[in-house]
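Residue-level listing of the chains:
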Amino acid sequence: MKTKVLLILTTLLLSTSIFAQRGVRVAYVDMEYILENVEEYREATEQLASKVEKWKLEIEGEKKQIYDMRQTLLAEKVLLTNELIEEREEEISLLEKEMLQYQQDRFGPQGDLVMQKLRLVQPIQDQVFSEVQKIGKNKNYDFIFDKSADVVMLYAEKRNDISELVLRAISRTRKISAPKKSARSRFEDEEEEKPITEALRIRQEQAKEADAARAKSAEEKRAEQLKLREERKKAYEARRKKLLEEKAAKQKKTKEEKDDN
């Protein structure tokens, strides 16, 4: 981080001497502000947050089920045969592995949360980068920084903030919230917001369809796992009941034989 800051400061100092005759033009964009004002991003982020809460509840439910199964096995261990105990421990172990895999699929480095966040941000970041290149060239800026990036901005004059200009530029293809005039009024005279293009609308619909198909596939896989789990559970319960009945019958027979003697 320190190296980056020193590098930038050195570059600025060198550039200041090079462009001393006309002065160095520096601007910055606030990526967080831009994302907050892109309605499709904000709405999708809210939907993703809702999904995340659902995933967390599912994982907590799995953890509770595994805990309850362990406690039940512990309480019933004295009544069960070694075969039943091993079978139940294997069932619990399998559920635990499924739960950990599900957790990884949702929240891991390559999980749904990370990938969906990337899919939300990347197209907007690409468009912002493209517009920044145009603005920098058209308005003769020497440097344009991202306020939200790793570079530490110890001080920034509002007049150097071109975020609103970038927002207005991308409003040609994206629905943008009403500008916060009290905070950013420099570019109020820029071109009016234009409606979303047909090409972008189609791209957005295709992205939504792809996400929906992926979600459906994941849910179907999850439903299949739950079905198999229930089948294994029923099979175990039936086997347990049969063995306990056989054990009780054997004990009863033994008792009767002792009584006869």
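These figures come from a predicted structure and were not determined experimentally.

Conventions used here
- Residues numbered from 1 in each chain as written.
- Predicted model: local features only at pLDDT ≥ 70, side-chain atom pairs only at ≥ 80, totals over all residues.
- Heavy atoms only, no water.
- Helix = DSSP H or I, 4+ residues; strand = E, 2+ residues; numbered from the N terminus.
- Expected span 1.5 Å × (residues − 1).
- Buried < 20%, exposed > 50% of the residue type's maximum accessible area, 1.4 Å probe, protein only.
- Axes fitted to C-alpha atoms, helices over the stretch in contact; angles between N-to-C directions.
- Parallel < 35°, antiparallel > 145°, perpendicular 65-115°, else oblique.
- Contact = heavy atoms within 4.5 Å.
- Nonpolar A, V, L, I, M, F, W, Y, C, P; charged D, E, K, R; others polar.
- Polar contact = N/O pair within 3.5 Å; in protein donor to acceptor, adjacent residues only side chain to side chain.
- Phe/Tyr/Trp six-rings, centres within 6.5 Å; stacked < 30°, edge-to-face > 60°.
- Left-handed = near helix turned anticlockwise from the far one by under 90°.
- Pairing = 2+ DSSP bridges.
- Salt bridge = Lys/Arg side-chain N within 4 Å of Asp/Glu carboxyl O.

Novice: So what exactly am I meant to see when it comes to helix α4 (residues 82–107) here?
Specialist: Side chains three or four residues apart in an α-helix point the same way, a direct result of the helix having 3.6 residues per turn. Given a rise of 1.5 Å per residue, 26 residues ought to cover 38 Å, and the 37 Å separating the end C-alpha atoms of α4 matches this to within 8%. Within the span of α4, buried status applies to Leu84, Ile85, Arg88, Glu91, Ile92, Leu95, Glu98, Met99, Tyr102 and Arg106.

Novice: For this particular structure, what's the right way to read the packing of helix α3 (residues 39–76) against helix α5 (residues 112–138)?
Specialist: A packed helix pair is summarised by two numbers, namely the angle formed by the two axes and the spacing between the axes. Where α3 contacts α5, the two axes come as close as 11 Å, and the packing angle between them is 180 degrees. Taken as axis vectors, α3 and α5 run roughly antiparallel relative to one another. Listed contacts from α5 to Tyr41, Ala44, Thr45, Leu48, Lys51, Val52 and Trp55 of α3 are Asp112, Leu113, Gln116, Lys117, Leu120, Val121 and Ile124. Taken together, the residues of the contact of α3 with α5 sort by class into nine nonpolar, two polar and three charged.

Novice: Hey, could you run me through the environment of Arg42 in this one?
Specialist: Among the secondary structure elements, Arg42 is positioned in helix α3. Along the sequence, Arg42 and Leu120 sit 78 residues apart, while their C-alpha atoms lie 9.4 Å from each other. Separated by 2.5 Å, the side chain of Arg42 and the backbone oxygen of Glu36 make a polar contact.

Novice: Explanation requested: the side chain of Glu98 in the structure shown.
Specialist: Relative to the helices and strands, Glu98 is located in helix α4. Owing to a relative accessible area of 16%, Glu98 belongs among the buried residues under this scheme. Discounting residues that sit within four places of it in the chain, Glu98 has contacts with Arg229 and Arg232.

Novice: Where do I start with α5 in this structure?
Specialist: The end-to-end C-alpha distance of α5 is 39 Å, a good match for the 39 Å that 27 residues give at a rise of 1.5 Å each. Turning to α5, its buried residues number three or more, namely Asp112, Leu113, Gln116, Val121, Ile124, Gln127, Val128, Glu131, Val132, Ile135 and Gly136.

Novice: Sorry, what's going on with the packing of aromatic side chains here?
Specialist: The relation between two aromatic rings is expressed through the spacing of the ring centres and the mutual angle of the planes. Taken as a whole, this structure holds two aromatic pairs when the rule is applied. Both rings, one in Trp55 and one in Phe107, keep their centres 6.0 Å apart while their planes meet at 80 degrees; by these two values the pair is edge-to-face. Placement of the pair is Trp55 in helix α3 and Phe107 in helix α4, with a sequence separation of 52 residues. You can call Trp55 buried: its relative accessible area is 4%. Here Phe107 falls in the partly exposed class, since its relative accessible area comes to 28%. Centroid distance Phe143 to Phe145: 6.2 Å. Interplanar angle 10 degrees. Geometry classified as stacked. The class for Phe143 is buried, based on a relative accessible area of 18%.

Novice: Looking at this model, I keep getting lost on the packing of α5 against helix α6 (residues 163–170). Mind explaining?
Specialist: Two numbers describe how α5 lies on α6: the axes approach to 10 Å, and their chain directions differ by 115 degrees. In terms of their interaxial angle, α5 and α6 are classed as roughly perpendicular. When you trace α5 past α6, the crossing you get is right-handed. Across the interface between the two elements, Gln127, Val128, Glu131, Val132 and Ile135 from α5 touch Leu165, Val166, Ala169 and Ile170 from α6.

Novice: What exactly am I supposed to notice about the pairing of strand β2 (residues 143–146) here?
Specialist: The two faces of a sheet get side chains in turn, since along a regular strand they alternate between them. Only one face of β2 is covered, namely the one carrying Phe143 and Phe145; the face carrying Ile144 and Asp146 has none of its residues buried. Bridge count between strand β1 (residues 26–29) and β2: four bridges; the pairing is parallel. Among the inter-strand pairings, Tyr28 is bridged to a residue of β2, identified as Phe145.

Novice: Quick question: what am I supposed to make of the pattern of salt bridges here?
Specialist: Think of it this way: side chains of opposite charge can pair up when their charged atoms draw near. The tally for this structure, following the rule as stated, stands at five salt bridges. Between Glu96 and Arg70 there is a salt bridge, with its nearest N and O atoms 3.0 Å apart. Taken together, the residues span a long stretch of sequence, with Glu96 in helix α4 and Arg70 in helix α3 at a distance of 26 residues. Since its relative accessible area comes to 30%, Glu96 is described here as partly exposed. Ionic pairing is found between Lys134 and Glu131, a salt bridge with its closest N-O pair at 3.8 Å. Here the residue Lys134 and the residue Glu131 both occupy positions in helix α5, the gap between them amounting to three residues, near one helical turn. Given a relative accessible area of 45%, Lys134 falls into the partly exposed group.

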